[in-house]
Structure formats: structure tokens, C-alpha cells
Amino acid sequence: MLLISFIITMSGTLTNRPILGRMKQKQASTITSSVDRKQSTVTLYAEVKTSLSVLVDTKAVLTCPPVLWPSVLVVTWEIVLRDKPPCFGAYRRDTNQITRGNCTDKRITWASRPDENPALQVDPVAITHDGNYTCQIVTSDGNFYHEYHLQVLVPPEVTLVQTEKGTAVCKAAAGKPAAQISWTPEGDCVTEQEPYWGDGTVTVQSTCRWGGRHVLNVSCSVSHLAGNKSLSIELDKGVRTLGFPGSDLLIILCVKFSLLLVILVFAGFIHFQRTNDCRSRK
């Protein structure tokens, strides 16, 4: 699963080159010509920036800018991950030489032989692979760049339970980024988000009550970039709540007051009967 958005910056005007998504072009070309010799030289610099979202535990393939291979001199990948020093891998075409610097993650490799395809492969993708990946191709016509901002998606674990107080709790645990929770039917809900864990995942919990209504079934829907999920639950014999803080305490007080009233009435009745018996004997 890949979610891609493109931002492209270039120098000058490129002809016969496809443009995807929303792009800004910027091209700087230096042309020097000699009228006598009728010659011209062109230096081209092109940069492409892509935001890429990849599901954890899948494979991601990052490609370099499309250029004519015979004009390629050097291909370099620079990788900057979160909380890690930068590393690089390079291929020099004239000597068919491959070099690596400070790259220790064996899950990040060339997709195939760099002399055939200089794409980079991340397999499998882990949370720690969040970061920037830049391919630079040096050619006889100029330099070309393609920078990826890679975001790793982690689907949350979704649960829905009913509490003893008659509320329903929907939790989206350990997702990346944070999920969004909605309810059907809508109720009086409180949504809380736990602090980020060290790996960047976050847990979202929503607690909902339905004040003064007789509710039998409820559903919570969790929206996330890695996919949406919906769970339903049948509340025990329907739930009727007062829908405001302290309602449970008020119910307890009402029950106690009712019991006290019954006791007082019964005691008064006994006292009245005894009084009548005394009067009858006299």
C-alpha cells in the first residue's frame, strides 16, 4: 500500500517530460554559443520531491530519476533516518564500482544490480525506516535528484467493550499516525490520546454514553491511513444513562432515600398499631 504525493522543482523548462500530480518547475540552464562555430552547451539541474507512505512489513522500491543510461557517470543514494547518522551507497559506471558508507541496515539494498537498475529497495519496511532517501544521478548532461520523504504506516489494534457503568469504550492502540474514532449513534463522548511511544505509535481511546436514550446497539468506526475498521456491540438489555457527571452517585442516593422512606413508613405504621392497641385495652 503506497500513498504518494509529488512536489517537483526544476531549473528552466523541460520538454517532452511527463509531469505527475501538482508540480512546480524550475529550470536553470546556461547556454553559451559561438556564432562562428555554431555550438552550444547546456547544463541541467532537476530535483523531484516525493512524499511516500508505506505500510509496515511490506516492501518499498524507490526509483531514481529517469535518464538515458549511456550518459550516466555516478549514481548515489543518501539515506537520513530518524535518530541515526546519514549513510550512502554509490555506483560508478566507468569502473563498475560500488561503495557504501555507514550503512548497516541489511533491509536497505539495491533493488537489483545497480548497473541495470539503480533503484533502492527496503524489505521489509520497519518503523525505524521513517526518513529521507535521495537518489542523485550525475550525467554528462547534468545532475538529477529524486528525494523521498518516507512515512511508515502502522495499523492500530481496534477493540470495543462495554463497561459496568453502561458506557462503551472504543480503543485504537499502537497506530501510526494517530487514528480517528467516530460513533453511531452519536453520543456524549470523550476522546483521549496517550503520549507517543518511543517508536512513534500512539493509542487513541474514546468513551461514549447516550444520555436519557434507550440504546441497544452501538458502532465505533476507526479511520486510519493504513485502512478503516468498524466494530459493533449489543449493549446488555439496552442502556439508559443520565448523561452527566455524578449520575451514578445520584442513582445510589435515590435508592437509599427510597429505602429510608419505606422504613419510616413501616415504623410509623407499627407505632400507630401499637397506639391503637393500648387505647383499646383501656
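Since this is a predicted model, take the numbers as computed values, not measurements.

### What about the sheet that holds strand 9 (residues 108-110)?
Piece 1. In spatial order, the strands read 5-10-9; together these three strands make up an open sheet with antiparallel pairing. Of all the strands in the sheet, just strand 5 (60-62) and strand 9 have a single pairing partner and so form its edges. Strand-to-strand twist across the sheet, computed as the mean angle between neighbouring axes with direction ignored, equals 25°.
Piece 2. Examined bridge by bridge, strand 9 and strand 10 (residues 120-122) share three bridges and lie antiparallel to one another.

### Brief notes about the pattern of salt bridges
When their charged atoms lie close together, side chains carrying opposite charge are able to pair.
Piece 1. Applying the stated criterion across every chain, the model contains eight salt bridges.
Piece 2. With its nearest N and O atoms 2.6 Å apart, the salt bridge here joins Arg113 to Asp115.
Piece 3. Its relative accessible area of 49% is what places Arg113 among the partly exposed residues.
Piece 4. Connected through shared salt-bridge partners, Arg82, Asp83, Asp130 and Lys176 make up one network.

### Examining the sheet that holds strand 17 (residues 202-209)
Piece 1. Pairing in this open sheet of four strands is antiparallel, and the strands run 13-14-17-16 from one edge to the other. Strands with a single pairing partner mark the edges of an open sheet, and in this sheet they are strand 13 (157-162) and strand 16 (188-193). Taking the axes of each pair of neighbouring strands and ignoring which way they run, one obtains an average angle of 15° across the sheet.

### Points about the environment of Ala172
Piece 1. Tracing the backbone shows Ala172 in strand 14 (residues 168-175).
Piece 2. Here Ala172 falls in the buried class, since its relative accessible area comes to 1%.
Piece 3. It is 8.8 Å that separates the C-alpha atoms of Ala172 and Ser206, two residues lying 34 residues apart in sequence.
Piece 4. With residues up to four places along the chain from it excluded, the contact list for Ala172 reads Pro156, Glu157, Ala179, Ile181, Val202, Thr203, Val204 and Val222.

Conventions used here
Residues numbered from 1 in each chain as written. Predicted model: local features only at pLDDT ≥ 70, side-chain atom pairs only at ≥ 80, totals over all residues. Heavy atoms only, no water. Pairing = 2+ DSSP bridges. Helix = DSSP H or I, 4+ residues; strand = E, 2+ residues; numbered from the N terminus. Axes fitted to C-alpha atoms, helices over the stretch in contact; angles between N-to-C directions. Salt bridge = Lys/Arg side-chain N within 4 Å of Asp/Glu carboxyl O. Buried < 20%, exposed > 50% of the residue type's maximum accessible area, 1.4 Å probe, protein only. Contact = heavy atoms within 4.5 Å.

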